[in-house]
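# Secondary and tertiary structure notes
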Amino acid sequence: MCAFAARAHTPTTQIDVLVTSMAGVPVEHAEVAVRVVKDQKPHTIWRLRTHEDGIAKTPAETHIPQGTILVEVTAAEYAPFSQTFEVHDDKKTIEVKLTSGMTKLNVVVTTPGGKPIEHADVVVKFVSGHSAILLGKAIHTSWEMRTNQEGLAKVPEVPQGTILIQVIATGYQTFGQTYEIYQLEKTIDIKLNSPQEQYSAH
C-alpha cells in the first residue's frame, strides 16, 4: 500500500472531555482546547466549553485523526491543565481533574519551645505561579496581618505557587523564607529565635 493511501484512511475518533475538580465535582464553563499533535507540533484545534455535567463534546461531524492528542483546559479558580493522550479508539472520553488555583493559608508563629507568639507581624507575598495570570481578577498578591493569642495568622486565599513569608516580632529575629504551596489548605509552623541565639561559625 502506498503512503498516500495509508494516510487517506487514517482512522478517526470522537472525543469527549470530562472536567472535574479533584473531589470529582463537574466544572462548568471550563475552556477546553483539543489539538492534534503531528511531528511534535500541535496544529488543528477545536475549542470547546464544558456544560453543567463537566463534559465538552467535539461536534459529531468532526473527524479527529487518531494518535497523539493534546488537551488543554483552563477554568476560573483552577490551575491550567495541559497533557497529551494517545487515542486509538473510535470514541474516547478523556477525564481531566483540575487542581484549585488557590490555597487557604494558616501561619502559626511560636518560640523554639512551642509557646505562641502574639501580635507578630506576618507578611505573605505571592512571588510566582500561573494562577494569578489565569484568574485575572483583582487578586491580592500581598497580605499583612498579626498573629492572635494562639500565634495564628490566617490568610483567606493565596494564589498557588511560590509564596514568601516574613515574620517580625519584638524581641525575636526577623524570619523570611519562600515556600512552594500547591495544596487547597496549608498550615506553616514558624519558630522564631531570640536575638541572642544567633549561631556563630565556630
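Whatever comes next refers back to the structure up there.
In short, a report on the structure. Quantities reported herein were computed from a predicted structural model and do not represent experimental measurements.

## Here we look at the side chain of Gln160
- Structurally, the position occupied by Gln160 is in the loop between β12 (152-159) and β13 (161-168).
- Only 3.0 Å separates the side chain of Gln160 from the backbone oxygen of Met102, close enough to count as a polar contact.

## Some details on the nonpolar core
- Counting 23 residues, the largest nonpolar core has Leu105, Val122, Ile165, Val167 and Ile190 as the members making the most contacts within it.
- In contact with Val122, other than residues within four places in its own chain, are Val107, Val109, Trp143, Glu144, Met145, Thr147, Ala153, Ile165, Gln166 and Val167.

## As for unusual backbone geometry
- Phi angles above zero are rare outside glycine, and His29 is one such case at about 60°.
- Within the fold, His29 resides in the loop between β1 (12-21) and β2 (31-38).
- His29 sits in the partly exposed class, given a relative accessible area of 49%.
- We note that His119 has phi near 60°; this positive angle belongs to a residue other than glycine.
- With respect to the helices, strands and loops of the structure, His119 is situated in the loop between β9 (102-110) and β10 (121-128).

## Brief notes about the sheet that holds strand β15 (residues 185-191)
- Strand order in the open sheet formed by three strands is β12-β9-β15, and the pairing between neighbours is mixed. Edge positions in the sheet fall to β12 and β15, since each has one partner strand and no second. Ignoring which end each strand starts from, the neighbouring axes of this sheet average 25° apart.
- Relative to β15, β9 runs parallel, the two sharing seven bridges. When the sheet's bridge partners are listed, Val109 is paired in β15 with Ile190.

## Here we look at the sheet that holds strand β11 (residues 142-146)
- Strands sit in the order β11-β10-β13-β14 across an open sheet of four strands; the sheet is antiparallel. Of all strands in the sheet, those with a lone pairing partner are β11 and β14 (175-181), marking the two edges. Each adjacent strand pair in this sheet contributes to an overall mean axis angle of 20°, direction not counted.
- Pairing geometry for β10 and β11, over five bridges, is antiparallel. What sits directly across from Val122, in β11, is Met145.

## Observations concerning the environment of Trp46
- Among the structural elements, Trp46 can be located in strand β3 (residues 41-49).
- Once the C-alpha coordinates of Trp46 and Pro59 are considered, the two residues, 13 residues apart in sequence, prove to be 9.2 Å apart.
- Discounting residues that sit within four places of it in the chain, Trp46 has contacts with Val32, Ala33, Val34, Val36, Thr62 and Ile64.

## Side note on the environment of Asp16
- As for its position among the elements, Asp16 is in strand β1.
- On the basis of relative accessible area, Asp16 is assigned to the buried category, the value being 6%.
- Distance in space between the C-alpha atoms of Asp16 and Ile55 is 6.6 Å, their sequence separation being 39 residues.
- Separated by 3.5 Å, the side chains of Asp16 and Lys91 make a polar contact.

## Considering the pairing of β14
- Inspection of the sheet shows β13 paired to β14 by seven bridges, in the antiparallel sense. By the bridge assignment, Ile165 is partnered in β14 with Gln177.
- Connecting the antiparallel pair β13 and β14 is a turn made up of six residues, with Gly171 showing a positive phi of about 85°.

## A short note on the pattern of salt bridges
- Per the stated rule, a full pass over the model turns up five salt bridges.
- Its salt-bridge partner being Asp16, residue Lys57 comes within 3.3 Å of it at the nearest N-O pair. With Lys57 in strand β4 (residues 55-57) and Asp16 in strand β1, this residue pair connects regions lying 41 residues apart in the sequence.
- Close ionic contact of Glu72 with Arg35 constitutes a salt bridge, the shortest N to O distance being 2.7 Å. With Glu72 in strand β6 (residues 67-74) and Arg35 in strand β2, the pair connects residues that are 37 residues apart, well separated along the chain.
- Where salt bridges share partners, they join Asp16, Lys57 and Lys91 into one cluster.

Conventions and cut-offs
Just so you know, the residues in each chain are numbered from 1, in the order the chain's sequence is written. pLDDT decides what is reported in this predicted model: residues at 70 or higher carry local features, side-chain atom pairs at 80 or more are listed and counted, and totals for whole chains, interfaces and linings draw on all residues regardless. Note: side-chain values were computed over all heavy atoms of the structure, leaving out hydrogens and water. Here a strand is any run of E in DSSP of at least two residues, a helix any run of H or I of at least four, and the numbering for each starts at the N terminus. Throughout this description, a polar contact denotes any pair of N or O atoms lying within 3.5 Å of each other; where both atoms belong to protein, one of them has to be capable of donating a hydrogen while the other can accept it, and for residues adjacent in sequence the pair is counted only when both atoms sit in side chains. By convention a nonpolar core is built from buried Ala, Val, Leu, Ile, Met, Phe, Trp, Tyr and Cys residues, the set being connected through side-chain atoms within 4.5 Å. Think of it in three bands: residues with accessible area under 20% of the maximum for their type are buried, residues over 50% are exposed, and the middle band is partly exposed, with areas taken using a 1.4 Å probe on protein chains only. Only heavy atoms matter for contacts: two residues are in contact if any of them lie within 4.5 Å across the pair. Following DSSP output, two strands are said to pair if at least two bridges run between them. Every axis in this analysis is a line fitted to C-alpha atoms, fitted for helices over the stretch in contact. Angles between the N-to-C directions lie between 0 and 180 degrees. A carboxyl oxygen of Asp or Glu within 4 Å of a side-chain nitrogen of Lys or Arg is what we treat as a salt bridge.

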